[in-house]
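Okay, here's what each chain looks like letter by letter:
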Amino acid sequence: MVSGPSMRGLCLLGALMSSPLVNAQEQPLLYLMPVPASVQIGTGRLLVDSKFSVASTGYTEPRLDRALERFLLRLSRQTAIPLSRKTGNSSKASLVIHTDHASKEIQELGEDESYLLEVTATGAKLSAVTPLGTLHGLETFLQLVEVSPDGFAAPAVTINDKPRFPWRGLMIDSARHFVPLDVLKRNIDGLEAVKMNVFHWHLSENQGFRVESKKFPKLHEGGSDGLYYTQEEVHDLIEYARERGIRVVPEFDVPGHSTAWFVGYPELASGPGPYEIERKWGVFDPAFDPTNERTYKFLDQFIAEMAKLFPDHFFHVGGDEVNGKQWDTNAKIQEFIKAHGLKNNQGLQSYFNKRLEPIVSKHGKSMVGWDEVLDPALPKDIVIQSWRGPDSLAAAAKQGFRGILSNGYYLDLGWSAARHYAVDPLSGAAANLAPEEKARILGGESCMWAEYINPENIDSRIWPRNAAIAERLWSPPEVTDPASMHTRMEALADRLEWLGLTHKSYHRQMLQRIAGPSTPEEFVALTTLASLVEPVKDYTREETATAEPTSATPLNRVVDAVPLESATARHFAELVGKFLAASCHDPAADARLRAQLTAWRENDAKLQPLAQRSFLVKEVSATSRDLSTLAAVGLLALDFVTKGQRPPEDWKAQQLAVLEQIQKPKGQLLLMPTPAIQKLVEAASAGGTCSSSS
Ligand code: ACM
């Protein structure tokens, strides 16, 4: 048996750049994501045909039975072979599953999630210590099954797998925009597929309070416009997640980000009411009054109720971005700060946290907070979630606190999968920690903040990029090749749609509404343009808005309909890179570049009639013209390069000036092939000896 990361297996995974199912050595290529801790390739493969059967031995429970039903349903969907569970001789089953013993009734941090999956030409065996490992192993088996020339099959392989970090989560903000339960459920299916094990549910904000409280009903009645989860729905979601090996950690953000609480309970705030649900985005002034005993009495009763509703051991209290303005303007609070020697607002928040932590603890929970709550005076039991920078994670670990990383994993910022993938919880300052300090870094969480999401586009803002973060948190740290990651992520992206996620299919629907009735040629032109743009990055969507966005702003524009990462532009950049690396002597790449650029140059003429009929297409009219111009520049550059001609003296400067204009966002969109075209221009200007600029 292999122990530790098998480099052989990882190399094979890394060799996935070529598309055939076998590589030169006739070894199967594996589209596994996340990459397992250890992979050993065997010989042959196990056919999945109508005789395929599953049996389980050892420990069993209803959750495992249902997991097997789901597994067979998915395998059936993938192969269109009707499969169902048959009872009978387990030793003859195609896949025999053995689970050793139960996992904890309420899933805990750090439980055994390992599994061993052995596939041979005659059968497969999945063994795990607990049902959590069994669930992970079933996902891996599904990822192994591929179409082949003579049927569906899983390659012979031995996979010995376990996670690198015990806390691998996704946070969804269902407060700024309400996210319906079915949308959350399909995303939890996605988490199961990539072996993430925490769903962090951000449930209260300035813009909404989203859980029914029986003790304080004015919270959801006043704070939600009727868009909240009943306690029954919360139970349902927690059960749904537990079935899939996923913990649910609720977050109720205090003392800031709290306007929606004060609609019903203005007496808890630090400034005079009345309050209304906030409709805009940003950081707002309302904050709990930490000097008022009523605040703690209320939070005690509220947390008592929520601690029962949410069984997980961890309870997130937010703590981020308190601007302190209500505290500054309240004379009584300023007096209190002085009387208690608290120095400033930060000292007051620290006082608040010291009052809050024993309440959370009294109700049986460990407190989690954003990095603002980091304070050496708090008990070491709390967990710090680092969002402002990775340094706070290392600082927390040094001070004896456990931590999880989210800085670098904000999905709403529109970063590429590769950029997220390069962020490691144990890099930077954390790399220099002592082993016992490193052990306090529990993992990380991607974050889906909800200013610009709705049920239609949310999946595309999370997937498939979240799979790259999931892999970072599960796989051995040596697994870092972005090319391999992209190839496997694209394969996974299709499989996630079979699960019911809509991160690919939503796009066509939205573009159809944006276009209205259109000819096939017009619609292809819109699709082509849409495949080459990305929304502006980081927080520039606010800055580039023509009108202040609010929760009432329709998310119906091209910027809302396009994925956050353009796969087409990335493939084009790879092709340009390949062409330049071959010193431009690659006729096949040259022909492909030319065909692509010619189509792009002609695209605008096909799109413009649509822009006359739809205001939403009109918004991208300038970007469409830019695409034509960009392609024309690229074609000119290619001509110089392939003819070995040096362009006129001032040509390069002129083209770069054109590209600079094109690079500016329009309609809050970026035209993504621009940097690759710039490389072609630079190569052409170098006079045909293009290899130096590749
Ligand atoms: C945060 O992004 N304010 C945690």
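In this text the structure is predicted, and so the values were computed from the model without any measurement.

Engineer: Help me out: how do you make sense of the overall build of the chain in this one?
Structural biologist: Within the chain, the regular secondary structure consists of 27 helices and 19 strands. The C-alpha atoms of the chain give 27 Å as radius of gyration, which agrees with the globular expectation for 694 residues (26 Å, within 12%). For the chain, the spread of C-alpha atoms along the principal axes amounts to about 80 × 70 × 55 Å. Residues counted as buried form 59% of the 694 residues belonging to the chain.

Engineer: I'm lost on the pattern of salt bridges in this one. Help?
Structural biologist: Note that side chains of opposite charge can pair when their charged atoms are close. Here the structure, examined in full by the defined rule, presents 41 salt bridges. In this structure, Asp-626 and Lys-666 form a salt bridge, with 2.7 Å as the shortest nitrogen-oxygen distance. With a gap of 40 residues between them, Asp-626 in helix α25 (residues 621–643) and Lys-666 in the loop between α26 (651–663) and β19 (669–671) connect regions that are remote in the sequence. A relative accessible area of 23% places Lys-666 in the partly exposed class. A network of salt bridges, in which partner residues are shared, links Asp-173, Arg-176, Glu-205 and Glu-451.

Engineer: What's the story with the environment of Arg-388 in this structure? I'm lost.
Structural biologist: Residue position: Arg-388 is located in the loop between β15 (383–386) and α12 (391–398). For Arg-388 and Ser-406, which are 18 residues apart along the polypeptide, the C-alpha to C-alpha distance reads 8.4 Å. Not counting the four nearest positions on each side in its chain, Arg-388 is found in contact with Asp-371, Glu-372 and Asn-407. Separated by 2.7 Å, the side chains of Arg-388 and Asp-371 make a polar contact.

Engineer: How do you make sense of the side chain of Gln-231 when you look at a structure like this?
Structural biologist: On the secondary structure map, Gln-231 appears in helix α6 (residues 231–243). A residue is classified by how much of its surface remains accessible, and Gln-231, at 11% relative accessible area, is buried. Contact partners of Gln-231, with chain neighbours within four places excluded, come to Glu-212, Ser-213, Lys-214, Glu-305, Met-306 and Leu-309.

Engineer: When you look at the environment of Asn-353 in this model, what are you seeing that I'm missing?
Structural biologist: With respect to the element layout, Asn-353 can be found in helix α11 (residues 345–362). In this structure Asn-353 comes out as buried when scored by relative accessible area, which is 2%. Those residues in contact with Asn-353, other than ones at most four positions away along the chain, are Pro-358, Met-367, Val-373 and Leu-378.

Engineer: It is not clear to me how the nonpolar core should be interpreted in this structure. Could you clarify?
Structural biologist: One broad trend across soluble globular proteins is that nonpolar side chains are buried collectively. Ranked by size, the top nonpolar core spans 99 residues in total, and within it Phe-199, Trp-201, Phe-252, Trp-261, Phe-302 and Phe-310 carry the most contacts. Every residue in contact with Trp-261, bar those within four places of it in the chain, is listed here: Ser-204, Phe-209, Leu-219, Phe-252, Asp-253, Val-254, Phe-288, Phe-298, Leu-299 and Phe-302. Core analysis: the next-biggest nonpolar cluster, separate from the first, contains 52 residues, Tyr-506, Phe-523, Leu-638 and Phe-640 among them.

Engineer: So what exactly am I meant to see when it comes to α6 here?
Structural biologist: The α-helix winds at 3.6 residues per turn, so residues separated by three or four positions along the chain end up facing the same way. Taking 1.5 Å per residue as the helical rise, α6 with its 13 residues ought to reach 18 Å, and the 18 Å between its terminal C-alpha atoms agrees with that figure. Where α6 is buried, its residues contact α2 (62–79), α3 (131–144), α4 (181–193), β9 (198–202), β12 (247–251) and α8 (293–309). Of the residues flanking the end of α6, it is Gly-245, one or two places downstream, whose phi is positive at about 75 degrees.

Engineer: For this particular structure, what's the right way to read the packing of helix α23 (residues 587–613) against α25?
Structural biologist: Relative placement of two packed helices is described by the angle separating their axes and the distance separating the axes. Two elements in contact, α23 and α25, have axes separated by 8 Å at closest approach and are oriented at 155 degrees. The orientation of α23 relative to α25 falls into the category roughly antiparallel. As α23 runs across α25, the sense of the crossing is left-handed. The residues of α25 that touch α23, namely those facing Asp-590, Leu-593, Arg-594, Leu-597, Thr-598, Trp-600, Arg-601, Asn-603, Asp-604, Leu-607, Gln-608 and Ala-611, are Ser-621, Ser-624, Arg-625, Leu-627, Ser-628, Ala-631, Ala-632, Gly-634, Leu-635, Leu-638, Asp-639 and Thr-642. Per-class residue counts for the contact of α23 with α25 are 10 nonpolar, eight polar and six charged.

Engineer: What should I look at first to understand the confidence of the model for the chain in this one?
Structural biologist: In low-pLDDT segments, the atomic positions of the prediction should not be examined closely. Residues at a pLDDT of 70 or more form 95% of the chain, whose mean pLDDT is 94. For residues 1–12, every residue scores under 50 in pLDDT, and the model assigns this stretch 26 contacts once sequence neighbours within four places are set aside.

Engineer: Would you mind showing me how to read the packing of α8 against α11 here?
Structural biologist: Their axes nearest at 10 Å, the elements α8 and α11 cross at an angle of 30 degrees. Considering the angle they form, α8 stands roughly parallel to α11. Every pair of crossing elements has a handedness; the one defined by α8 and α11 is right-handed. Of the residues in α11, those in contact with Glu-293, Thr-295, Tyr-296, Leu-299, Asp-300 and Ile-303 of α8 are Tyr-351, Phe-352, Arg-355, Leu-356, Ile-359, Val-360 and Lys-362.

Engineer: Where do I start with α11 in this structure?
Structural biologist: Its 18 residues place the ends of α11 26 Å apart at the C-alpha level, agreeing with the 26 Å of an ideal helix rising 1.5 Å per residue. Of the residues making up α11, those classed as buried are Asn-345, Gly-347, Leu-348, Gln-349, Ser-350, Tyr-351, Phe-352, Asn-353, Leu-356, Glu-357, Ile-359 and Val-360. Sitting at the amino-terminal end of α11 is Asn-344, which places a side-chain oxygen 3.2 Å from the backbone nitrogen of Gln-346. Backbone geometry just after α11 places Gly-364 at a positive phi near 85 degrees.

Engineer: Would you mind showing me how to read the environment of Ile-238 here?
Structural biologist: Take Ile-238: it is sitting in helix α6. Separated by 11 residues in sequence, Ile-238 and Val-249 place their C-alpha atoms 9.4 Å apart.

Thresholds, definitions, all that
- Starting from 1, residues in each chain are numbered consecutively following that chain's sequence as written.
- Totals for whole chains, interfaces and linings use all residues, but because this is a predicted model, local features are given only for residues with pLDDT of at least 70 and pairs of side-chain atoms are given and counted only at 80 or more.
- Side-chain descriptors were evaluated using all non-hydrogen atoms of the structure, hydrogens and water having been removed beforehand.
- Put simply, DSSP H or I for four residues or longer makes a helix, DSSP E for two residues or longer makes a strand, and each gets a number counted from the N terminus.
- C-alpha atoms define the radius of gyration, and 2.2 Å times the number of residues to the power 0.38 defines the globule rule.
- Categorising residues by exposure relies on relative accessible area from a 1.4 Å probe, with only protein chains included: less than 20% of the type maximum marks a residue as buried, more than 50% marks it as exposed, and the intermediate range marks it as partly exposed.
- Here, a salt bridge means any side-chain nitrogen of Lys or Arg that lies within 4 Å of a carboxyl oxygen of Asp or Glu.
- Any two residues whose heavy atoms approach within 4.5 Å at even a single point are treated as in contact.
- Nitrogen and oxygen atoms within 3.5 Å of one another constitute a polar contact, given that in protein one can donate a hydrogen and the other can accept it, and given that sequence-neighbouring residues count only through two side-chain atoms.
- In these notes, a set of buried Ala, Val, Leu, Ile, Met, Phe, Trp, Tyr and Cys residues joined through side-chain atoms within 4.5 Å is what counts as a nonpolar core.
- Multiplying one less than the number of residues by 1.5 Å gives the expected span of a helix.
- A fitted line through C-alpha atoms represents every axis, and for helices the fit uses only the stretch in contact; the resulting angles, taken between N-to-C directions, go from 0 to 180 degrees.
- What sets the label is the angle itself: under 35 degrees gives roughly parallel, over 145 gives roughly antiparallel, 65 to 115 gives roughly perpendicular, and the rest give oblique.
- Left-handed is the label given to a crossing in which the near helix is rotated counterclockwise from the far helix by less than a right angle, and right-handed is the label when the rotation is clockwise.
- Basically, the charged four are Asp, Glu, Lys and Arg, the nonpolar ten are Ala, Val, Leu, Ile, Met, Phe, Trp, Tyr, Cys and Pro, and anything else, Gly included, counts as polar.
- Every residue gets a pLDDT, meaning the predictor's confidence in that residue, from 0 to 100.

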